[in-house]
Amino acid sequence: MNMERKDSVPNGFTLSMALMDCLPVLFFTISTIFIARHFPSSLFLTGIFFVILAALLKVSWKLIIALAHRDIRFFNIQLRYLMPLGFLLALLALFIDHTKWSVTAIIAHITKFPSSLFFLIGIAGLLYLGYLGKHHDSHNAKANWKEQCINTLSQFCIMLSILL
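Residues numbered from 1 in each chain as written. Predicted model: local features only at pLDDT ≥ 70, side-chain atom pairs only at ≥ 80, totals over all residues. Heavy atoms only, no water.

Draft legend 1. Expanded view of the overall build of the protein chain. Summing up its helical and strand segments, the protein chain has eight helices and zero strands in all. In sequence order, the protein chain lays out its α and β elements as α-α-α-α-α-α-α-α. Its C-alpha atoms give the protein chain a radius of gyration of 17 Å, near enough to 15 Å, the size a compact globule of 164 residues would have. Dimensions along the principal axes, computed over C-alpha positions, put the protein chain at roughly 55 × 30 × 25 Å. Out of the 164 residues belonging to the protein chain, those deemed buried represent 38%. Excluding contacts between residues fewer than 6 apart, the proportion of contacts in the protein chain whose partners are at least 24 apart in sequence is 77%. Computed over 13 positive and 7 negative side-chain charges, the separation of the two mean positions in the protein chain equals 6 Å. (Helix = DSSP H or I, 4+ residues; strand = E, 2+ residues; numbered from the N terminus. Rg over C-alpha atoms; globule rule 2.2 N^0.38 Å. Buried < 20%, exposed > 50% of the residue type's maximum accessible area, 1.4 Å probe, protein only. Contact = heavy atoms within 4.5 Å. Lys, Arg positive; Asp, Glu negative; His and termini not counted. Charge placed at Lys NZ, Arg CZ, Asp CG, Glu CD.)

And the structure:
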């Protein structure tokens, strides 16, 4: 099965687009490192590893398009599988390793101002991003820019809500 599609290389995928796509990955990574320091769970770390790997592969897809003008589909479509798997494992960790974290402490933290404001903005952005992901073409540069801007803002706000 050939996973490279030279005939369908998306137009408008630039190096600046690929580099901007690194920002939400960086913000998410910072957030999860902070959480992992307070929630020592191997299952959680495994899940987060898959989420970050999926995001880095998606960034790589855009870099390959921008620099080599090739569409290696695996780097794009893997996101549908690795990211949900990663989030599922991280979510399972919350139940399996429930004695390693405190619901009360988390609620107290995210309901404090300004953390609550940043958290709500971030979650609203991610929900909208989920909607866009189902309705936008991943090969459309304009749609990608819109999604990247929303994802960057959302991940930045969630990171701030965690770090504050």
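Following the structure, the description resumes.
Draft legend 2. Quick look at the pattern of salt bridges. Enumeration over the complete set of coordinates arrives at one salt bridge. Between Asp-21 and Lys-62 there is a salt bridge, with the nearest N and O atoms lying 3.4 Å from each other. One end of the pair, Asp-21, is in the loop between α1 (15–20) and α2 (22–38); the other, Lys-62, is in helix α3 (residues 42–68), with 41 residues separating them in the sequence. (Salt bridge = Lys/Arg side-chain N within 4 Å of Asp/Glu carboxyl O.)

Draft legend 3. Molecular detail of the UniProt feature "transmembrane region" (unreviewed entry) in the protein chain. Per the UniProt annotation, the sites labelled "transmembrane region" (unreviewed entry) are residues 12–36, 42–67, 79–96 and 116–133. As a span, residues 12–36 carries 84% helix and 0% strand, and end to end its C-alpha atoms are 37 Å apart. (UniProt positions renumbered as here; feature names shortened; annotations may be inferred.)

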